[in-house]
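Structure assessment
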Amino acid sequence: MNWTKGFTSQYYAYLLDPATWRETELLEITGGRISRNLDGLRDACDIDIVGSLSGERWIRVYMDTTQDGASEHVPLFTGLTSNPERNIEGRYEENTLQCFSVLKPCQDILLDRGYYVPADIAGDIIIKNLLTVTPARVEVNGEAPALRRAIIAEEGETHLSMIDKVLAALNWRMRLKGDGTIELCPMPLTESIEFNPLENDIVEMSISLSYDWYQCPNVFRAVQGDLSAIARDDNPLSPMSTVSRGREVWMEDNNAELNTGESIEEFAIRKLKEEQRVSLTASYTRRFEPNLVAGDLIRSRYEQLDGLFRITSQTIEIGMGSATEEEVESHE
């Protein structure tokens, strides 16, 4: 399927058996939107269906496409329905379903008091154990490192919030696929796809750009146990320095993880430079591309948007062409 060209599509959903993950009852869809972001439940979906549906049910949304005699069967979203809104006109009934990702059970269960994740255990083993409360399948892409230090649960800690802490410690992430599969993998280092006006022209030319440097610090304090160090940007030639801005903007890391052979002073300097990188954010609408999710890297070669970017959010229209509203931030 060439996603840069037009195609015809139809949308529908199936209810799922949580014990077997098999599709059971077919549902007719009349519209909706799928939202994807970097944290929390990652995915959400609002869909309009014909008929009624009661209670919490597992659901999978599909798009079937046809183009020049070729066709594809694309899963768009899998999750848990909740809080249907009923609209009845005569004999015609339509439900609006609010759907949450396969991570919802992980968000709803608190960890036991005193729970902690021990050091020196491979991170994927820890995360897979925390994911056993959801029926979704888990894939591990790569060899996960072991935790360098234990992580103790805080008050109100859930399975999902602990998973996020472990992922942060590993510099890994979760990718949710349309069929509900949870992929554990390292943060990406290279782009998944390149957009350009010559070979893969899928971005509309209405692009909004913004540069956010107002929250960038000019003073950084690093703390590790009894050690601390402060790095300052007092350079009058730097637009973010204490001199240029006429004020101090502080940031702190109170659990500094030093690189091998790095002093805490060097850590503070490095982190200040990293945090001072001006963040370019952009939003646009593009054609649908099935393999991209929030967190993936893209390379854009458009004159208005040129460079390496990380996808921070997506909204996919369940309708003509599955138009995708996307937000990205610079990743150079």
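Every value quoted in this text rests on a predicted model; they were computed, and no experiment measured them. (Residues numbered from 1 in each chain as written. Predicted model: local features only at pLDDT ≥ 70, side-chain atom pairs only at ≥ 80, totals over all residues. Heavy atoms only, no water.)

**Description of helix α2 (residues 123-130)**
- Of the positions making up α2, those classed as buried are G123, D124, I126, I127 and L130. End-on view of α2: buried residues confined to an arc of 160°, all on one side of the axis.
- If you follow the buried residues of α2, they end up packed against α1 (104-108), β7 (116-117), β8 (138-140), α3 (159-170) and β11 (182-186). (Buried < 20%, exposed > 50% of the residue type's maximum accessible area, 1.4 Å probe, protein only. Helix = DSSP H or I, 4+ residues; strand = E, 2+ residues; numbered from the N terminus. Arc of directions from axis to C-beta. Contact = heavy atoms within 4.5 Å.)

**Focus on the packing of α2 against α3**
- Look at α2 against α3: their axes get within 10 Å of each other, and the N-to-C directions meet at 165°. Of the possible angle classes, the one that applies to α2 and α3 is roughly antiparallel. Taken as a pair, α2 and α3 cross one another with a handedness that is left-handed. Mapping the contact onto sequence places G123, I126, I127 and L130 in α2 and H159, M162, I163, V166, L167 and L170 in α3. (Axes fitted to C-alpha atoms, helices over the stretch in contact; angles between N-to-C directions. Parallel < 35°, antiparallel > 145°, perpendicular 65-115°, else oblique. Left-handed = near helix turned anticlockwise from the far one by under 90°.)

**Thoughts on the pattern of salt bridges**
- Scanning all chains against the criterion turns up 24 salt bridges.
- Taking the shortest distance from any N to any O, the salt bridge between R42 and D164 comes out at 2.9 Å. Of this pair, R42 sits in the loop between β2 (23-37) and β3 (43-50) while D164 sits in helix α3, and the two are 122 residues apart along the sequence.
- Taking relative accessible area as the criterion, R42 reaches 8% and is therefore assigned buried.
- Take D164: its relative accessible area is 24%, and that puts it in the partly exposed class.
- Across the pair R232 and D234 runs a salt bridge whose closest N-O atoms are separated by 3.1 Å.
- Accessibility expressed as a relative area gives 39% for D234, which makes it partly exposed.
- Look at the salt bridges and you will find they share partners, linking R173, R175, E183 and D296 into a network. (Salt bridge = Lys/Arg side-chain N within 4 Å of Asp/Glu carboxyl O.)

**Description of the nonpolar core**
- Counting residues in each nonpolar core, the largest one holds 31 residues, and the members touching the most others are L103, I127, L131, M162, V166, M174 and I182.
- Put simply, the parts of the chain that give this core at least two residues each are α2, α3, β10 (172-176) and β11.
- In terms of residues, this core owes the most to one element, α3, which gives six residues.
- Within the second largest apolar cluster, 23 residues are counted, among which are F7, I34, C45 and L53. (Core = buried A, V, L, I, M, F, W, Y, C linked by side-chain atoms within 4.5 Å.)

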